[in-house]
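# Geometric and topological summary
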Number of protein chains: 2
Amino acid sequence: MSARDTIAAFEIIDGKLAVGGLPLDRLAARIGSTPFFAYDRRLLTQRVALLREKLPSKINLSYAIKANPMPAVVQHLSSLVDSFDVASTGELRIALDTPMRSDQISFAGPAKTIAELTQAVAAGVTIELESITEARRVLAIGEKLGVRPRVAIRVNPDFAIKGSGMRMGGGPQQFGVDSEVVPQFLHELSKVDLNVLGFHVFGGSQNLRADIICEAQRKTVELATKLAAAMPSPVRYLNLGGGFGIPYFDKDESLNLAMVGTNLQELFDGPIRNHFPEARLVIELGRYIVGECGIYVTRVVDCKQSRGKQFVMVDGGLHHQLAASGNFGQVIRRNYPLAIGNRMTEAVTETANVVGCLCTPLDLLGEGVGVPKVEIDDLVVLFQAGAYGMSASPSAFLSHPPAIEVLV
Amino acid sequence: MSARDTIAAFEIIDGKLAVGGLPLDRLAARIGSTPFFAYDRRLLTQRVALLREKLPSKINLSYAIKANPMPAVVQHLSSLVDSFDVASTGELRIALDTPMRSDQISFAGPAKTIAELTQAVAAGVTIELESITEARRVLAIGEKLGVRPRVAIRVNPDFAIKGSGMRMGGGPQQFGVDSEVVPQFLHELSKVDLNVLGFHVFGGSQNLRADIICEAQRKTVELATKLAAAMPSPVRYLNLGGGFGIPYFDKDESLNLAMVGTNLQELFDGPIRNHFPEARLVIELGRYIVGECGIYVTRVVDCKQSRGKQFVMVDGGLHHQLAASGNFGQVIRRNYPLAIGNRMTEAVTETANVVGCLCTPLDLLGEGVGVPKVEIDDLVVLFQAGAYGMSASPSAFLSHPPAIEVLV
């Protein structure tokens, strides 16, 4: 399993890539314009089913809305997952518009303002406290609103997770409360009227190594066991984070989900049953659920030869899908999987640079890509566009129109 | 002159940074919320005056709207510069809403669609042709609308410009027509009903080396002189590009504008007078005009110690000002100039990481920055935010509210 398999997950009808049973040219006609992001409802459902199959049945599966906040996607997932995590009040609104119960929604993120915390307390969601300042604010807000706030402590662990695309735990961090400070923090919280549910430990994201994720989960349960001794009541919430990566590049190997599931089952059968009998055990995933279920589709506007190189020029670009251009946090630019969506069964005969419509050399969507003979009006598809695509791109850059998003 | 001098250009009133005569706390109160971008009208006017002083009086000064498309900024500049360049029909609308004459507006950019070219031909602006496909489209549109299109050829030169932040000319490029193909291209254009005005040669942006810019301008005039021989009529438009850089980092030295001006005067007195007596000579600048005239202002939400490091946590972040986080095209992250706007005259006593409110380690606005004692509700200012700030940032990332923009 690698990035190439993502392409294989999509149907091909009459040589054309299809989303939700619609060949791409017909879907483009239905939408009326390019570029667009299309998310496949069937693939989303299958993805959650895969997680249910491989992970222990007692796991509470949470969707981190930050990965893809499109309301239709979040609505669809609301009946498939057990809970949501939000990172802003914008995401909170989207979550509350679904049938998801508010006590199944968590709100994490550094630097939450008083206004944001007020909305969260009023909504009755679980606030993951990142500092003593936040605890004080939440308490004051709860008193003012006459609501007993539901809180958990986001813990900055005393270990780091290797191999993550982004490290968010271990060492000094803006995220969470340092683990060694948590007992004193809990002691302070025990004196006030807050409903302290438990802990959230999250060390990093986009990890493809199952062995490292398993080790992190074991260490997280160990750390939580130690910290639980200082809890004023039994732990009712333990969020082990997620960090499951997806393959973006040819050499990436998909995560061994079965290994992660087996490890979690062992933790359930041992320390979790012993130490956290009353806890809701949460695995929180964003990218892993939606990332491979979406594509970004652009139309070829021009094909050009320049000094021996072929350029395929499309009507989209990094303003819609920044990560694919290699300019968002990546050190080395590599190609995301790419195909000519209306020529899926034609042989590769040429090599081209696929570039966007922006007046900057950064707007490179595919470098030296093997393609069939490309013509103007062809549809260029970028895969792995379901997570951190449109919402993580500078859509106003050069004042082109935004992309359209559809769930099919 | 370096990045530090940008800070010095802003007024300080009662120890507070001021924009347009308003101390920052009062400006924040006037706006009603943070974060915001504030652009200084006086500094914009001064900047254009500086260019007028240092560059030959015959230069036609064009503002590249892509650098900052805020309508109020573009309106203000419409009375100060001679022309506008737009990179999309979104920018075209903003330009046409000003008193600027449409024949003083140019439209450049790869992969222009038929719909976009139709708008541009109808508007009567100068279309900078990037390929033979575009020429054919513009011709057909002109015939359909009964308008004789105004065009220039964007030339991909046969030389590269060293030291540019981004290289956009020389070698194979998606931009422009390869210089060696231009004579044949002009020959084709001479047979059809297009108003061919001249050339645009643009080799790269964000260059701080005056000697390299001077050399590029000399080479550009030489190249244009050669190409002019194939023109069906005298050259009436010669856009030498811009590429003037601004200092972002401590070690950056400001561009020696006087040297550029002297070189341009020599070109005017020599080859330009001889070969382009009827041409409007354009220098096109975006970042250089607006970049140092704007600041991004955020408010401190929390201050936190974590394992020996101090974190100043603000209500903004990379979703508003991506470049300052080092994640947009930069290989090495370096700090943009930063200050505590309400403590401008207090001594630096501490070192802090200034981080935004996003749940990602990428959201780092200042690393190991020297600051006075910072408190919650202080205003953190990032300088060099006038160009490629809000419009070049992923404003929907994590669904936080957008920043407000004001021209003061």
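Residues numbered from 1 in each chain as written. Chains lettered and ligands numbered in written order. Predicted model: local features only at pLDDT ≥ 70, side-chain atom pairs only at ≥ 80, totals over all residues. Heavy atoms only, no water.

## Considering the relation of the copies chain B and chain A
Relative to chain A, chain B is turned by 180° and slid 0.0 Å along the rotation axis, the superposed coordinates differing by an RMSD of 0.0 Å. On this basis, the relationship between the two copies can be described by a two-fold rotation axis. Proximity to the rotation axis, assessed at the C-alpha, singles out B:Pro394 in chain B; its C-alpha lies 1.9 Å from the axis. A shared interface surface links the copies, since 100% of the contact residues of chain B are contact residues in chain A too. (Least-squares fit on C-alpha atoms with pLDDT ≥ 70 in both. Contact = heavy atoms within 4.5 Å.)

## Things to note about the sheet that holds strand E1 (residues 11–13) of chain B
Sheet strands pair via backbone hydrogen bonds, and the direction of the pair is either parallel or antiparallel. Reading across the sheet, the three strands line up as E1-E2-E3 (chain B) and stay open at both edges, with antiparallel pairing between neighbours. Taken across any chain shown, the strands that pair with only one partner, and hence form the sheet edges, are E1 and strand E3 (22–23) of chain B. (Pairing = 2+ DSSP bridges. Helix = DSSP H or I, 4+ residues; strand = E, 2+ residues; numbered from the N terminus.)

## Describing the packing of helix H6 (residues 114–123) of chain B against helix H7 (residues 132–145) of chain B
Residues and elements named next belong to chain B. For the pair H6 and H7, the least separation of the axes is 9 Å and the interaxial angle reads 55°. If you check the angle between H6 and H7, you find them oblique. Relative to H7, the crossing made by H6 is right-handed. Contact residues: Ile114, Leu117, Thr118, Val121 and Ala122 in H6; Glu134, Arg137, Val138, Ile141, Gly142 and Leu145 in H7. Looking at the contact of H6 with H7 residue by residue, the class counts come to seven nonpolar, two polar and two charged. (Axes fitted to C-alpha atoms, helices over the stretch in contact; angles between N-to-C directions. Parallel < 35°, antiparallel > 145°, perpendicular 65-115°, else oblique. Left-handed = near helix turned anticlockwise from the far one by under 90°. Nonpolar A, V, L, I, M, F, W, Y, C, P; charged D, E, K, R; others polar.)

## Let's talk about the pattern of salt bridges
All names here are of chain A. Evaluated as defined, the whole model comprises 34 salt bridges over all chains. In this structure, Lys219 engages Glu215 in a salt bridge whose closest nitrogen and oxygen atoms are separated by 3.2 Å. Of this pair, Lys219 and Glu215 both sit in helix H9 (residues 210–228), four residues apart, which is roughly one turn of that helix. Three or more residues are tied together by salt bridges with common partners; here these are Arg343, Glu346, Glu375 and Asp378. (Salt bridge = Lys/Arg side-chain N within 4 Å of Asp/Glu carboxyl O.)

## Looking at the pairing of strand E12 (residues 195–201) of chain B
Residues and elements named next belong to chain B. Most of E12 sits inside the fold, with seven of its seven residues counted as buried. Relative to E12, strand E9 (residues 150–156) is paired through six bridges, and the arrangement is parallel. Within the sheet, the bridge partner assigned to Arg150 lies in E12 and is Asn195. Pairing between E12 and strand E14 (residues 237–239): three bridges, direction parallel. Residue pairing in the sheet places Phe199 in a bridge with Leu238 of E14. (Buried < 20%, exposed > 50% of the residue type's maximum accessible area, 1.4 Å probe, protein only.)

## Observations concerning the interface of chain B and chain A
On the chain A side, the residues contacting the 71 residues of chain B number 71 residues. Buried surface at the junction of chain B and chain A, both sides included, amounts to about 5,400 Å², of which 60% is carbon and sulfur. Taken as a group, B:Gln174, B:Arg307 and B:Cys359 account for 14% of the area that chain B buries against chain A, more than any other trio of residues on that side. The tally of links between chain B and chain A comes to two salt bridges. Of the charged contacts, one joins A:Glu180 and B:Arg307 as a salt bridge, the two residues approaching to 2.9 Å between their closest N and O atoms. Along the contact surface separating chain B from chain A lie 34 residue pairs in polar contact (both at pLDDT 80 or more). Counting residues per element, the ones that place at least two in the side of chain B that touches chain A are helix H5 (89–96), H7, E9, strand E10 (166–167), strand E16 (294–306) and strand E17 (309–314) of chain B. (Buried area = accessible area lost by both parts, 1.4 Å probe. Polar contact = N/O pair within 3.5 Å; in protein donor to acceptor, adjacent residues only side chain to side chain.)

## A word on the domain arrangement of chain A
In many analyses, interface size is given as the accessible surface area lost on bringing the parts together. All names here are of chain A. Considered domain by domain, chain A is made up of domain 1 (5–39 + 292–407) and domain 2 (101–285). Summarising the inter-unit geometry, the C-alpha centres of domain 1 and domain 2 are found 36 Å apart. The interface is formed by six residues belonging to domain 1 together with four residues belonging to domain 2. Summed over both partners, the interface of domain 1 with domain 2 comes to about 620 Å²; 57% of that surface belongs to carbon and sulfur atoms. Three residues, Glu292, Arg334 and Gln384, lead the burial of domain 1 against domain 2; their summed loss comes to 60% of the area buried on that side. Seen at the junction of domain 1 and domain 2, the total is zero salt bridges. If you look at where domain 1 meets domain 2, you find one residue pair in polar contact (both at pLDDT 80 or more). For the side of domain 1 that touches domain 2, the class distribution of residues is two nonpolar, two polar and two charged. (Domains from an automatic or database assignment.)

## Notes on the sheet that holds strand E1 (residues 11–13) of chain A
All names here are of chain A. If you walk across this open sheet you meet the three strands as E1-E2-E3, and the pairing is antiparallel. Both outer strands of the open sheet, E1 and strand E3 (22–23), are each paired with one neighbouring strand and no more. Bridge count between strand E2 (residues 16–19) and E3: two bridges; the pairing is antiparallel. The partner of Val19 across the bridge, within E3, is Leu22.

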